[in-house]
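Next come the chains, spelled out residue by residue.
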Amino acid sequence: EVSSIGLTSFTSGPLILFFIPYFCLAAITSGVLAPAGLFVPTLLSGAAFGRLIGHWLNSLFPGYVADSGTYALIGAAAILGGMARMTIAGCIIVLEACGNIQYLLPLMVTFAAARYVGNAINEPMYDMQIHLKEMPFLEGSLKTLGLLNYHPVTEIMARPVITLNEINRVGAIYDILRNTKHNGFPIVGKDGHLRGLILRKHLCSLLKLRAFSNPKSVNKDNESMVQLTPAAAVFHDTLERNYPRYPKIDEIELNNDDLSCWIDVRAYMDTAVYSINESSSIQKSYRFFRTMGLRHLVVVDGDHKVTGIITRHDITEHRLEHHWFNEGDNLQKFINVGPIESATLESAGLLLSSSDSKESLSNDNGEELKRIPEPPSPTTASYTNNYAIGNPVRISSVPNNNLIGIEVNNTTAPSTTSNISSQPRGREARSMREPKSSKPIII
């Protein structure tokens, strides 16, 4: 075969001898710890394969097909697009390399075809390496995994959580750092409420700098209270000075006197730590990590007490797929909705809600309901009714659309249940003027 400029091109033998070993070696060295990339090897192997196809076509149909150099360019684009799944960037790179704008449309078609065919077979090579190295890379949006996206975060969070107090023994922190590999530790107060979060690198730096406090004196009024001497101030620049080679716990040696000292972490912890309620969905926590670039997300309950912690490794797509498919037999594949606690009564009596109606009403037993004034200063009441039988009572928690049992004289009325609706009170009062029946009274 003679090229378009009159020179004899490569024959099939040298092209095959170059393509097969080069392609195999590029595939082998792509996953080893060696400075060998995939961009240039895919371009060279694709160009060799494309020129081989062009050589065969020119030998079979001389004068009817393009020269082998054009097939080499398209082959390089095809192999590169199939490996990296690049479309626009790859097209621009190859187009700038050849310097001929007439190849724009063939290159666009080649990159698009290579991308869609590769997606139908497997995932991109770079994504495979990310998953093999277990890098916590999060996509722009969470992949749809059925109802798992709406399950509570309690199913994927790590627990029990290793927490620290605001003031700790040096020996306790030293043992925790040596026995665990966690990167962040929530700080809780005496009441168990979340106060902040401190990173492992900062704890190691404080131990190495020996920012400790010793007991100074004992309070005479309360012997359990011990006053500590102020520790040396460590500024943030000092803690970050060793970036990225922070001290490791194995490199820190402490004697018995150091282990008996105390360390105050209030000046070094992150007091504005991100947290999420334990009833939140997995999809919501994923958006937290993706949009805010978080590394830790503390899970708290309704009282703001720490119940778990989530890291980026816990919420990657591969980890969620493993949790859903491999452990699906042990999971409830529906949304768990916890029952709402029933309303409690402070004293005997029946409460009815109708503050707008001035007419006298009656219940199923024919007893007349009289309007009573609202008692002053309720203690635990959050909902007050103005029609009652006997003494007035208070309901401390009345959820909407929830059937509750009304206790009268420490017994439950057999046929009197309350359906608390969201209608106006006047309409609720008029709805009670129904014939006597065994149906629940709507108030």
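To be clear, the structure that these remarks concern was listed above.
Keep in mind the model is a prediction, meaning the values are calculated, not measured.

Cut-off values and rules
- Residues numbered from 1 in each chain as written.
- Predicted model: local features only at pLDDT ≥ 70, side-chain atom pairs only at ≥ 80, totals over all residues.
- Heavy atoms only, no water.
- Pairing = 2+ DSSP bridges.
- Helix = DSSP H or I, 4+ residues; strand = E, 2+ residues; numbered from the N terminus.
- Phe/Tyr/Trp six-rings, centres within 6.5 Å; stacked < 30°, edge-to-face > 60°.
- Buried < 20%, exposed > 50% of the residue type's maximum accessible area, 1.4 Å probe, protein only.
- Expected span 1.5 Å × (residues − 1).
- Polar contact = N/O pair within 3.5 Å; in protein donor to acceptor, adjacent residues only side chain to side chain.
- Core = buried A, V, L, I, M, F, W, Y, C linked by side-chain atoms within 4.5 Å.
- Contact = heavy atoms within 4.5 Å.
- Patch = residues over 30% accessible without salt bridge, like charges linked within 9 Å, V, L, I, M, F, W, Y side chains within 5 Å.
- Areas by Shrake-Rupley, 256 points an atom, 1.4 Å probe, with all protein chains shown as cover.
- Salt bridge = Lys/Arg side-chain N within 4 Å of Asp/Glu carboxyl O.
- Axes fitted to C-alpha atoms, helices over the stretch in contact; angles between N-to-C directions.

**What to know about the pairing of strand β10 (residues 306–311)**
Here is step 1: Pairing of strand β9 (residues 296–300) with β10, which is carried by five bridges, proceeds in the antiparallel orientation. Note on β10: the bridge partner recorded for V299 is G308.
Here is step 2: Linkage of β9 to β10, two consecutive antiparallel strands, is achieved through a turn of five residues, within which H304 is found at a positive phi near 65°.

**So, the packing of aromatic side chains**
Here is step 1: A complete count under the given rule lists four aromatic pairs for this structure.
Here is step 2: Geometrically, the ring pair formed by F19 and F49 is tilted, given 5.2 Å between the ring centres and 35° between the ring planes. Residue F19 is found in helix α1 (residues 12–29), and its partner F49 is found in helix α2 (residues 39–60); the two are separated by 30 residues along the sequence.
Here is step 3: You can call F49 partly exposed: its relative accessible area is 36%.
Here is step 4: Site record: aromatic cluster; members linked through ring pairs are F19, F23 and F49.

**A word on helix α3 (residues 68–84)**
Every α-helix winds through 3.6 residues per turn, so residues three or four apart in the chain are directed the same way.
Here is step 1: Across its 17 residues, α3 extends 24 Å between first and last C-alpha, which sits within 8% of the 24 Å expected from 1.5 Å per residue.
Here is step 2: When α3 is considered as a whole, its buried residues turn out to be S68, T70, A72, L73, G75, A76, A77, L80, G81, M83 and A84.
Here is step 3: The N-capping residue of α3, defined by a side-chain oxygen 3.2 Å from the backbone nitrogen of G69, is D67.
Here is step 4: Following α3 by one or two positions, R85 has its phi on the positive side, about 55°.

**Digging into the nonpolar core**
Among soluble globular proteins, nonpolar side chains are generally buried collectively.
Here is step 1: Judged by nonpolar contacts, the single largest core of 24 residues is most densely connected at L177, I198, L203 and L207.
Here is step 2: Contributing elements (two or more residues each) for this core: α7 (170–179), β3 (184–188) and α8 (200–209).
Here is step 3: The residues touching I198, leaving out its near neighbours within four places in the chain, are L164, N183, G184, F185, I187, L203, V265, Y268 and M269.

**A closer look at a nonpolar patch on the surface**
Here is step 1: Residues I16, I20 and W56 make up a contiguous nonpolar surface patch of about 270 Å² in total accessible area.
Here is step 2: Take W56: it is sitting in helix α2.

**Side note on the sheet that holds β3**
Pairing between the strands of a sheet is mediated by backbone hydrogen bonds and can be parallel or antiparallel.
Here is step 1: Ordered by their spatial adjacency, three strands build an open sheet running β1-β3-β4, and the pairing between neighbours is mixed. Two strands close off the open sheet at either side, each with one partner strand: β1 (164–165) and β4 (194–199).
Here is step 2: Of the pairings in the sheet, the one linking β3 to β4 comprises five bridges and is antiparallel in character. Counterpart to P186 in the pairing with β4 is L197.
Here is step 3: Contacts between α8 and the sheet are confined to β1, β3 and β4, with β4 contributing the most and set at about 75° to the helix.

**Here we look at the sheet that holds β9**
Here is step 1: Taken in spatial order, the three strands line up as β8-β9-β10 in an open sheet, and their pairing is mixed. At either end of the open sheet lies a strand with only one pairing partner, and these are β8 (275–277) and β10. Here the average twist between neighbouring strands, direction ignored, is 30°.
Here is step 2: Where β8 meets β9, three bridges bridge the pair, whose relative direction is parallel. Paired with I276 across the strands is V299, a residue of β9.
Here is step 3: Taken strand by strand, helix α11 (residues 282–292) contacts β8, β9 and β10, and its axis lies near 145° from that of β9.

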